[in-house]
Amino acid sequence: MEATEKELKAILAEVSDLNRASMVLAWDQETNMPPGGVESRGQQSAALRKLAHERFTGDQVGRLLDQLEPRVEAAPFDSDQASLVRVTRREYEKQRKVPPEHVAESARCAAHAHPAWVRARKDNDFGHFAPYLKRNVELSKKLAEYMGYDKHPYDALSDRTEPGLTTEQLDRLFGELKAAIVPLVKQIAGNRDAVDDRCLFGDFDPEKQLEFTHQLTARLGYDYQRGRQDLSPHPFSVAFGPGDVRITTRVRRDWLPYCLFSSIHECGHALYNQGISHDLDRTPLWGGSSPGIHESQSRLWENLVGRSLPFWKHFFPELARRFPSLKKADAEAFFKAVNKVQPSLIRTEADEVTYNLHVVVRYELENELLEDRLRVEDLPEAWNARMKAYLGVAPPNDTEGCLQDIHWSGSAFGGFHGYTLGNVAGAQLMEKIRRDLPDLDRQVEAGEFQTLLGWLQDNVYRHGRKFTPNELLERVTGRPLVAGPWIAYVRGKFSALYGLKEAAARPL
Ligand code: ZN
C-alpha cells in the first residue's frame, strides 16, 4: 500500500475506533448502566464523538483525499480503493459542515433526553419529555442549516442518512404505498375473521423464549462467537467490529411474537454486519449501505422469511415442544396467526400491511416540527389525530402514542423513512432472490438458510457501505428503489391469507 493511502487509513482507523468506543458506551447505557450514570455517560459520549469528529474533519484528511483522487480515477467504481476515496470524500464534505461543538452538544443532549424519555413513558407524562424534545428539534433544525437545503430541512437531514434519495422520490413512494395499502386494509377488515391469533396469547416462560430465539438465530447463521443477545426495552443491534456484533431483544410472558420477531429482526441486522468484508474494517466503508438498506435486511429475515409458511413448517414443531399450549394449533394456523392484520398503536408490533402507515405518520409530523408548522406541546394531539385518520385507532395515552419510539430522544431527525425503505427494498431484493434461487421455499422448509445467506453476503453484505441505496439496488436488481415488488408481495400474500378475490397463489 502506498504511503498516502496508508496515512489516510491510519486516521480513518482511529476515527472508527473512537466511534466504536462511544457505541460500546451507548450499548452499556441501554442494557446495564444504573440510572445515576447519566451525567458521566453524557460527558464521555460527547468527548469521544467530538474527538472522532475533529480527527475526521481535519485538514489532513482533505489533503490526503486531494492527493488520492487522481490516482484512483482509473480504478473500477466498486474496487475497495476507489470506493474508500469516494465514500470518505462524501462523508468528509458532509461532516465538515458541522462544527464539533454541535456534535458534542447533540451527544450530551441525547444522553440526558434518553432517561427523560424512559421516565416520561413510565409515568405516561409527555410534559416531562417535552423540553428535551424541544431541544432536539432545535438541534436538528440547526443541523439542517449547517448541511444546507433548498426547500425542506428534511432534505438535508435525509441526505445524511440515505444519500442520493430525494424527497421527491420519497413522496412518490409514500403516495404509491398509501394508494395500495388503504384499500387493502379495508378489504381485509371486511374478512377479519379469516385469521385467528389466539394461540399467540398465553403463559410462555421468558427463559424458554430466550433460549428458543437464541437457537433460532444461530440456525439462521448468526455467529455467537462474534455476537451476543441481551435484553433492552427497545431492541437494537450494534457492531463494534467484525468480531463483535451484538443484538438485544425484549420478552413478554403473555404474548409470543414480541420476543420472537424482535430477535429475528435484530438478527437480520447482525447478519448484515457479520457479513461485511473484513478488508473494509476500520474504514468508513465498514457498515451498511444506509440505515434503510440495513432495515431491508432485518425486515427480509423477520417478514419475508420469518413470517412465511415454509419457515414455520420447519420451526413450529420445535416451538410447540417447548410451549405445549401451542399444540392446539399447527404450522399453518401459527403462520396465519403471526400474519394477522390489525391496525394497531405500536409501530414495532405492526403487521406488514399497516406498518408503513405508522412511518407515514412520523414522516409527516417530523417534517411539520422541523418547519415550525407544529409545536412540540401540540405533538400528542397531532399524533393521535393522524393515527385516527390513517389507521383508524386512537392511543389511550402518550406512552402508546408519540412517546413510543426511542428516536426522538436523540437529535437525529430525518431518518424514519428508512423503515419504509427497508420494507420496499427488502421485497425488491427478494424478487431477484426468487429468480436466482427458485428452490428457496423448499430450502427454508428444510431449515437450510446457507444458500440465502450466501446470496445476500455476496450481493449485499460484503460490500459494506461502498454503494448508496439506489446504486446497490440498481447493481443487484437492475433498477433503483421502486414500490412495485413490495405492493405485489403484500397483495399476493394477504389476499391469499384472507381469501380475497385477487388471491395470488404464492404462499411466501
Ligand atoms: Zn431494525
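Scroll up to find the structure.
This text gives an overview of the structure that appears in the document. Here the residue index of a chain counts from 1 through its sequence in written order. For this predicted model, a pLDDT threshold of at least 70 governs which residues receive local features, and a threshold of 80 or more governs which side-chain atom pairs are given and counted, while totals over whole chains, interfaces and linings are taken from all residues. Computation of side-chain values: all heavy atoms of the structure, hydrogens and water removed.

What about the overall build of the protein?
Helix and strand content of the protein: 20 helices and three strands. Here the globule rule is a power law, 2.2 Å times the number of residues to the power 0.38, and the radius of gyration is based on C-alpha atoms. For a compact globule of 508 residues, the expected C-alpha radius of gyration is about 23 Å, and the protein comes in at 23 Å, within 12% of that figure. Summarising its shape, the C-alpha atoms of the protein cover approximately 65 × 50 × 45 Å along the three principal directions. A 1.4 Å probe rolled over the protein chains alone gives each residue an accessible area, and that area as a share of the maximum for its type sets the label: buried under 20%, exposed over 50%, partly exposed in between. For the protein, the residues scored as buried account for 58% of the 508 residues in total. Contact definition: two residues touch when any of their heavy atoms are within 4.5 Å. Within the protein, residue pairs in contact and separated by at least 24 positions form 73% of the contacts whose partners lie at least 6 positions apart. The Shrake-Rupley method, run with a 1.4 Å probe, gives the accessible areas here. Residue values count only the displayed protein chains as cover. Counting every atom, the protein has about 20,700 Å² of accessible surface; 50% of that belongs to carbon and sulfur. Looking at the protein, you have 67 positive and 73 negative side-chain charges, and the mean spots of the two groups are 2 Å apart. Strands here mean DSSP runs of E at least two residues long; helices mean DSSP runs of H or I at least four residues long; both are numbered from the N terminus. Charged residues are defined narrowly, with Lys and Arg counted positive, Asp and Glu counted negative, and His plus the chain ends left uncounted. Every charge is mapped to an atom, namely NZ of Lys, CZ of Arg, CG of Asp or CD of Glu.

Points about the pattern of salt bridges
What counts as a salt bridge is simple: a side-chain nitrogen of Lys or Arg found within 4 Å of a carboxyl oxygen of Asp or Glu. With the rule as written, the count across this model stands at 48 salt bridges. One salt bridge in this structure joins Asp203 and Arg253, with 2.7 Å as the shortest N-O distance. Remark: Arg253 occurs in the loop between strand S3 (244-249) and helix H10 (257-274) and Asp203 occurs in the loop between helix H8 (167-189) and helix H9 (206-220); sequence separation between them is 50 residues. Given a relative accessible area of 44%, Arg253 falls into the partly exposed group. Here the residues in one salt-bridge network are Asp66, Glu69, Arg89 and Glu93, joined through shared partners.

Points about the packing of aromatic side chains
Here a pair means two rings of Phe, Tyr or Trp (six-membered ring of Trp) with centres within 6.5 Å. Their orientation is stacked below 30 degrees between planes, edge-to-face above 60, and tilted elsewhere. All chains considered together, the criterion is met by 21 aromatic pairs. An angle of 70° between the planes, with centres 4.7 Å apart, marks the rings of Trp312 and Phe334 as edge-to-face. Highlighted residues: Trp312 in helix H12 (residues 309-322) and Phe334 in helix H13 (residues 331-337), separated in sequence by 22 residues. Pair check on accessibility: Trp312 and Phe334 agree, each one buried. When the ring centre of Tyr355 is taken as reference, the NZ or CZ atom of Arg299 above it lies at 3.8 Å. Whether a charge sits over a ring comes down to the Lys NZ or Arg CZ being within 6 Å of the ring centre and within 35 degrees of the ring normal.

Looking at the pairing of S3
Most of S3 sits inside the fold, with five of its six residues counted as buried. Only strands joined by at least two bridges in the DSSP assignment are considered to pair. One ladder, built from three bridges, connects strand S1 (residues 229-231) with S3; its direction is parallel. Considered in S3, the bridge of Gln229 is made with Ile247. Taken together, the four bridges between strand S2 (residues 237-241) and S3 define a ladder with antiparallel strand orientation. From the neighbouring strand, Gly241 faces S3, where its bridge partner is Asp244. Here S2 folds back onto S3, and the loop between the two strands holds two residues.

Things to note about the coordination of the zinc ion
In the first shell of the zinc ion, the protein supplies His265 (NE2), His269 (NE2) and Glu295 (OE), at 2.1 to 2.2 Å from the metal. Metal donors: N, O and S atoms at distances within 2.8 Å, or within 3.2 Å for Na, K and Ca, with water omitted from the atom set so that some sites may seem incomplete. Written as a sequence motif, the donor residues of the zinc ion are H-x3-H-x25-E. Here His265 and its partner His269 are both found in helix H10, four residues apart, which amounts to about one turn of the helix. The exposure class assigned to His265 is buried, which follows from its relative accessible area of 11%.

Details of helix H4 (residues 80-96)
Here H4 is 17 residues long and its end C-alpha atoms lie 23 Å apart, about the 24 Å a rise of 1.5 Å per residue gives. All buried positions along H4 are accounted for by Ala82, Ser83, Leu84, Val85, Val87, Thr88, Arg89, Glu91, Tyr92 and Lys94. Residues of H4 that are buried in the fold lie against helix H1 (3-31), helix H2 (38-57), helix H3 (59-72), helix H6 (126-147) and helix H7 (153-161). Given a helix with a known number of residues, its expected span is that number minus one, times 1.5 Å.

What about the nonpolar core?
With 151 residues, the main nonpolar core has Trp301, Phe311, Trp312, Leu326 and Phe334 as its most contacted residues. Once residues within four sequence positions are removed from consideration, Phe311 is found in contact with Leu216, Leu220, Ile264, Val305, Gly306, Val444 and Phe449. Buried Ala, Val, Leu, Ile, Met, Phe, Trp, Tyr and Cys residues that are joined via side-chain atoms within 4.5 Å together make up what is termed a nonpolar core.

Let's talk about the sheet that holds S1
A sheet is described by the order of its strands in space; here three strands give the open sequence S1-S3-S2, paired in mixed fashion. Each of the sheet's edge strands pairs with one partner strand only, and the pair in question is S1 and S2. Put simply, the sheet's adjacent strands are angled 25° from each other on average, direction ignored. The strands touched by H10 are S1, S2 and S3; relative to S3, the strand with the most contacts, the crossing angle is about 165°. To obtain an axis, a line is fitted to C-alpha atoms, over the contacting stretch when the element is a helix, and the angle between two such axes runs from 0 to 180 degrees between their N-to-C directions.

Focus: empty space enclosed by the protein
We place a 1 Å grid over just the protein atoms. Points where a 1.4 Å probe fits but has no way out form a cavity, open points with protein on both sides within 12 Å along at least 5 of 7 lines form a pocket, and any residue with an atom within 4 Å of a point lines it. Grid points are joined across faces, edges and corners, and a volume is the space filled by probe spheres set on the points. Applying the stated rule across the entire model yields two cavities of 30 Å³ or more. Around the largest cavity, the lining residues are Arg299, Leu300, Asn303, Leu304, Glu352, Tyr355, Gly422, Asn423, Gly426, Ala427, Trp486 and Tyr489. At the level of secondary structure, the elements contributing two or more residues to the lining of the largest cavity comprise helix H11 (291-305), helix H16 (417-436) and helix H20 (484-497). Class assignment of the residues belonging to the lining of the largest cavity gives a composition of six nonpolar, four polar and two charged. Reported here for the second largest cavity is a volume of approximately 40 Å³. Considering the residues around the second largest cavity, the lining is formed by Gln209, Phe212, Thr213, Leu256, Cys259, Leu260, Leu319 and Phe323. Contributions of two or more residues to the lining of the second largest cavity are made by H9 and H10. Any residue that is not Ala, Val, Leu, Ile, Met, Phe, Trp, Tyr, Cys, Pro, Asp, Glu, Lys or Arg is counted as polar, Gly included; the first ten are nonpolar and the last four charged. Grouping the amino acids of the lining of the second largest cavity by side-chain chemistry returns six nonpolar, two polar and no charged.

Focus on the environment of Glu39
Inspection of the secondary structure assignment puts Glu39 in helix H2. Distance in space between the C-alpha atoms of Glu39 and Glu366 is 28 Å, their sequence separation being 327 residues. We call two N or O atoms a polar contact when they sit within 3.5 Å, provided that within protein one can donate a hydrogen and the other can accept it, with sequence-adjacent residues counted only if both atoms are side-chain atoms. For Glu39, the side chain forms a polar contact with the side chain of His112, separated by 3.4 Å.

Concerning unusual backbone geometry
The phi dihedral of Asn124 is positive, around 50°, even though this residue is not glycine. Mapped onto the fold, Asn124 is located in the loop between helix H5 (100-123) and H6. Taking the relative accessible area as the measure of exposure, Asn124 reaches 37% and is therefore partly exposed.

Observations regarding the packing of helix H14 (residues 355-370) against helix H15 (residues 379-391)
The geometry of H14 relative to H15 is characterised by a closest axis approach of 10 Å and an angle of 145° between their N-to-C directions. For the pair H14 and H15, the sense of crossing is right-handed. Touching Leu357, His358, Val360, Val361, Arg362, Glu364, Leu365, Glu368 and Leu369 of H14 are Leu379, Ala382, Trp383, Arg386, Met387, Tyr390 and Leu391, all from H15. Split into classes, the residues belonging to the contact of H14 with H15 amount to 11 nonpolar, one polar and four charged. By definition, turning the near helix anticlockwise from the far helix through less than a right angle yields a left-handed crossing, and turning it clockwise yields a right-handed one.

Geometry only, nothing functional implied.
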